[in-house]
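This is what each chain is made of:
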Amino acid sequence: DTGVSQNPRHKITKRGQNVTFRCDPISEHNRLYWYRQTLGQGPEFLTYFQNEAQLEKSRLLSDRFSAERPKGSFSTLEIQRTEQGDSAMYLCASSFHEEGLFFGSGTQLSVL
Amino acid sequence: ELKVEQNPLFLSMQEGKNYTIYCNYSTTSDRLYWYRQDPGKSLESLFVLLSNGAVKQEGRLMASLDTKARLSTLHITAAVHDLSATYFCAVQTSGSRLTFGEGTQLTVNP
């Protein structure tokens, strides 16, 4: 296992389209997190799962965003009807309980 | 709402010099993290500080935590060009979420 894996690395889409990102955490980690980072800023928390349960969502996560983690393994983050303001790096991280978070390389989303 | 503030936000220093980055946070927390991020890359974990007075060192970097003052420092000793990156502190609150500072963009000049 080489760490947290995210796909795709880059996504360019037109405004109004739907996009889906995938995250594969480190295999023994039970917690999985999604963050969003814009240029020049620190990452902002979006949501997190413990196993398959989504335990917390930020108010940043509008109704157009949905995240799932079926079977407590990989996770997907879907954005519906994308807007230009959704352009950002979407980072996934995983941890074993409350131990340190390990981040993936991120998916860079550009909405035209 | 938890606020995490770093200063300075931009730091340009010469090789061989020492400097300190400061991280202040507004509410009680059990854990504080320092991460490094290179341009276009993800975040690399540097240190996890778990208790008041904790000090950790790795190479030219040393991090400390004062929970009473709600302050952490990242000290750079005899900087080298390879340390050029953006450094983030992040505070962990209940539910495991991390709240990040804005980051300190460090440039080490020859």
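In case you missed it, the structure is sitting above this.
What you see is a predicted model, and the numbers here were worked out from it, not measured in a lab. (Residues numbered from 1 in each chain as written. Chains lettered and ligands numbered in written order. Predicted model: local features only at pLDDT ≥ 70, side-chain atom pairs only at ≥ 80, totals over all residues. Heavy atoms only, no water.)

**Thoughts on the sheet that holds strand E7 (residues 61-66) of chain B**
Residues and elements named next belong to chain B. What counts here: Strand pairing is assigned whenever DSSP detects at least two bridges linking the two strands. Helical segments are the DSSP runs of H or I of at least four residues, strand segments are the runs of E of at least two, and each set is numbered from the N terminus. Here the axes come from fitting lines to C-alpha atoms, over the contacting stretch only for helices, and the angles between their N-to-C directions go from 0 to 180 degrees.
Spatially, E1-E3-E8-E7-E6 is the arrangement adopted by the five strands of the open sheet, whose pairing is antiparallel. Where the open sheet ends on each side, the last strands, each with one partner, are strand E1 (4-7) and strand E6 (55-58). Each neighbouring strand pair of the sheet contributes to a mean axis angle of 15 degrees, computed without reference to strand direction. When strand E3 (residues 19-25) meets strand E8 (residues 71-76), the two strands line up antiparallel, connected through six bridges. When the bridges of E8 are listed, Thr20 appears paired with His75.

**Some points on the side chain of A:Thr82**
Residue and element names in this part refer to chain A. As a reminder of what qualifies: We call two N or O atoms a polar contact when they sit within 3.5 Å, provided that within protein one can donate a hydrogen and the other can accept it, with sequence-adjacent residues counted only if both atoms are side-chain atoms. In this analysis, two residues are considered to be in contact whenever any of their non-hydrogen atoms come within 4.5 Å of each other.
With respect to the helices, strands and loops of the structure, Thr82 is situated in the loop between strand E8 (75-79) and strand E9 (88-95). A polar atom in the side chain of Thr82 sits 2.9 Å from the backbone oxygen of Gln17. Residues in contact with Thr82, not counting those within four places in the same chain, are Thr13, Lys14, Arg15, Gly16, Gln17, Val19, Arg64 and Val111.

**Some points on the interface of chain A and chain B**
It is common to give the size of an interface as the accessible area that goes away when the parts come together. Our working rule: Buried area counts how much accessible surface, traced with a 1.4 Å probe, disappears from two parts once they are put together, with both parts' losses summed. Whenever Lys or Arg places a side-chain nitrogen within 4 Å of a carboxyl oxygen from Asp or Glu, that contact is recorded as a salt bridge.
The interface of chain A with chain B comprises 22 residues on the first partner and 18 residues on the second. Regarding the contact of chain A and chain B, the summed buried area is about 1600 Å², with carbon and sulfur atoms giving 46% of it. Considering only the surface of chain A that becomes buried against chain B, A:Glu98, A:Leu101 and A:Phe103 emerge as the three largest contributors, covering 28% of it. At the surface where chain A touches chain B, the tally comes to two salt bridges. The closest approach of N and O atoms between B:Glu1 and A:Arg59, which form a salt bridge, is 3.4 Å. The tally of links between chain A and chain B comes to six residue pairs in polar contact (both at pLDDT 80 or more). Contributions of two or more residues to the side of chain A that touches chain B are made by strand E4 (31-37) and strand E5 (44-50) of chain A. For the side of chain A that touches chain B, the element with the highest residue contribution is E4(A), accounting for four residues.

**A word on the nonpolar core**
Applied cut-off: We define the nonpolar core as a collection of buried residues of types Ala, Val, Leu, Ile, Met, Phe, Trp, Tyr and Cys that are connected through side-chain atoms lying within 4.5 Å of one another. Exposure is judged per residue with a 1.4 Å probe applied to protein chains only, and the accessible area is read against the type maximum: over 50% gives exposed, under 20% gives buried, and values in between give partly exposed.
B:Leu32, B:Trp34, B:Leu74, B:Ile76, B:Tyr87 and B:Leu106 are the most contacted members of the largest nonpolar core, which totals 25 residues. Mapped onto this core, the elements with two or more residues apiece are strand E2 (10-14), E3, strand E4 (31-37), strand E5 (43-49), E7, E8, strand E9 (85-92) and strand E11 (104-109) of chain B. Sort the elements by how many residues they give to this core and E9(B) lands first, with four residues. Setting aside anything within four residues of it in sequence, one finds B:Leu32 in contact with B:Cys23, B:Tyr25, B:Phe47, B:Val48, B:Leu49, B:Leu65, B:Ser72, B:Cys89, B:Ala90 and B:Val91. In terms of nonpolar packing, the next biggest core, distinct from the first, is built from 19 residues, A:Ile26, A:Leu32, A:Cys92 and A:Leu109 among them.

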